[in-house]
Amino acid sequence: ALGFRFDLALYGKWVMEMKDDIDQGFMDLFRVNLDEAPPSQDGTYNTTQYDDTPQARQRAKLVPHDTKEAAGIIQRQDDGVNYQQAWAILRRMANDQDYRDQVLRHTATNTATNTATPRRSAE
C-alpha cells in the first residue's frame, strides 16, 4: 500500500494494515447507537469517544521520544513494522508541531543519505 502524509511517501505492509484499521474504525461508527454518544459542551456531536479508546491509548504508549527513531520507523518498508507504532507516530506528528518538524528533519537526512541510484531524466 502507498500513503502520503506530511509530504512523505509511506509504503509497505504496515500502511495497508493501518488503513484497514482506520477503515474498520470508521465503519464501527455506524455499528453503534449514535444517540448514546455524549454531546460536547457546545451541544454538537462529540467524536472524542472514538479517539479515546483503549486501542488509541495503547498506541500512544508506542511513540518513541527519539525523533530520529520515529523517522526511521515511518520510513521502513519491511513487513516487521508495527503499524500501531507507526500510526501513533503519525498522530503525534499531527498534534505536535515541534515533534513533526524534528521527525521531518530526520526523514530529509535519511533521504539525502540514501544510496539508491538516481533515476535518469527522460531526454
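Residues numbered from 1 in each chain as written. Predicted model: local features only at pLDDT ≥ 70, side-chain atom pairs only at ≥ 80, totals over all residues. Heavy atoms only, no water.

1. Description of the nonpolar core
Trp14, Ile74, Ile89, Leu90 and Met93 are the most contacted members of the largest nonpolar core, which has 21 residues in total. If you list the elements that add at least two residues to this core, you get β2 (8-11), α1 (13-28), α4 (67-75), α5 (83-95) and α6 (97-112). At seven residues, α5 tops the list of elements feeding residues into this core. (Core = buried A, V, L, I, M, F, W, Y, C linked by side-chain atoms within 4.5 Å. Buried < 20%, exposed > 50% of the residue type's maximum accessible area, 1.4 Å probe, protein only. Helix = DSSP H or I, 4+ residues; strand = E, 2+ residues; numbered from the N terminus.)

2. Points about the pairing of strand β1 (residues 2-5)
Direction of pairing for β1 relative to β2: antiparallel, over a ladder of four bridges. Paired with Phe4 across the two strands is Ala9, which belongs to β2. Hairpin connection, β1 to β2: the antiparallel pair is bridged by two residues, and Phe6 has positive phi, about 55 degrees. (Pairing = 2+ DSSP bridges.)

3. Thoughts on the environment of Ala94
Along the chain, Ala94 falls in helix α5. Residue class for Ala94 comes out partly exposed when judged on its relative accessible area of 35%. Sequence-wise, Ala94 and Arg5 are 89 residues apart; in three dimensions their C-alpha atoms are separated by 9.4 Å.

4. Some details on the environment of Met18
Tracing the sequence through the fold places Met18 in helix α1. In this structure Met18 comes out as buried when scored by relative accessible area, which is 10%. Among residues more than four places away in sequence, those in contact with Met18 are Tyr83, Trp87 and Leu90. (Contact = heavy atoms within 4.5 Å.)

5. Some thoughts on the side chain of Gln84
Following the sequence through the fold, Gln84 ends up in helix α5. Residue classification places Gln84 among the buried positions, given a relative accessible area of 18%. Of note is the side chain of Gln84, whose polar atom sits 3.1 Å from the side chain of Asp21. Here Tyr83 takes part through its side chain, which lies 2.8 Å from a polar atom of the side chain of Gln84. (Polar contact = N/O pair within 3.5 Å; in protein donor to acceptor, adjacent residues only side chain to side chain.)

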